[in-house]
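Tertiary structure, described
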Amino acid sequence: MAQCPHCMTDIHDEASVCPSCGAKKGVYGPGWTADDYVGRAKVIAALAGFFLLIGVGFLIAGQGGIFILMAVVALFVGSLAIVTLVMSGGKEKWYR
Ligand SMILES: [Zn+2]
């Protein structure tokens, strides 16, 4: 059981909003919890895989140039996923 630092109400660990004073849990600001960051990192990683898959399709079709372009995009999006995942390791705080 966690405790709200603003009103000292006991809050369920899963809850992201204090039922008493409305404070919101988040890593860098209200609303974005560590779980939210992990969830978004997964979506972004899936997107990177999607771009890579499209690129491989073009490579098979003999379009090496588009494959390189898609690989660069996939690499960029993939590194965003890693950054988001690293950010999810930040300490959760309660914001009001
Ligand atoms: Zn509270």
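Look a little higher up for the structure.
These numbers were taken from a predicted model, which means no experiment stands behind them.

**Notes on helix 1 (residues 34–60)**
A rise of 1.5 Å per residue sets the reference length of helix 1, with its 27 residues, at 39 Å; its end C-alpha atoms lie 39 Å apart and thus fit the reference within 8%. Within helix 1 the residues assigned to the buried category are Ala-34, Tyr-37, Ala-41, Ala-48 and Gly-55. Where the residues of helix 1 are buried, they touch helix 2 (64–87). Where helix 1 terminates, the next one or two residues include Gly-62, which has phi positive at roughly 85°.

**Examining the packing of aromatic side chains**
The description of two aromatic rings rests on the distance between their centres and on the angle between their planes. Applying the stated rule across the entire model yields three aromatic pairs. Relative to Tyr-37, the ring of Tyr-28 has its centre 6.0 Å away and its plane inclined at 85°; by these criteria the two rings are edge-to-face. Its relative accessible area of 8% is what places Tyr-37 among the buried residues. Ring plane angle 55° and centroid distance 6.4 Å describe the contact between Phe-50 and Phe-51, whose orientation is recorded as tilted. Classification of Phe-50 by relative accessible area gives partly exposed; the value is 49%. Site record: aromatic cluster; members linked through ring pairs are Tyr-28, Trp-32 and Tyr-37. Lying across the ring of Trp-32, Arg-40 places its NZ or CZ 3.7 Å from the centre.

About the thresholds
- For every chain, the first residue of the written sequence is number 1, and numbering continues from 1 along that sequence.
- The predicted nature of this model means local features are confined to residues of pLDDT at least 70 and side-chain atom pairs, given and counted, to a pLDDT of 80 or more, with totals for whole chains, interfaces and linings taken over all residues.
- The side-chain figures draw on all heavy atoms in the structure; neither hydrogens nor water molecules are used.
- Numbered from the N terminus, helices here are DSSP runs of H or I no shorter than four residues, and strands are runs of E no shorter than two.
- To estimate how far a helix should extend, the number of its residues minus one is multiplied by 1.5 Å.
- Throughout, exposure labels follow a simple rule: accessible area from a 1.4 Å probe, protein chains only, divided by the maximum for the residue type, with under 20% read as buried, over 50% as exposed, and the rest as partly exposed.
- Any pair of residues with heavy atoms lying within 4.5 Å of one another is described as a contacting pair.
- Stacked, edge-to-face and tilted labels apply to pairs of Phe, Tyr and Trp rings (six-membered ring for Trp) whose centres lie within 6.5 Å, assigned for plane angles under 30 degrees, over 60, and everything in between, in that order.
- Definition used: whenever NZ (Lys) or CZ (Arg) falls within 6 Å of the ring centre and also within 35 degrees of the ring normal, the charge is taken to sit over that ring.

Just geometry here; none of it tells us what the structure is for.
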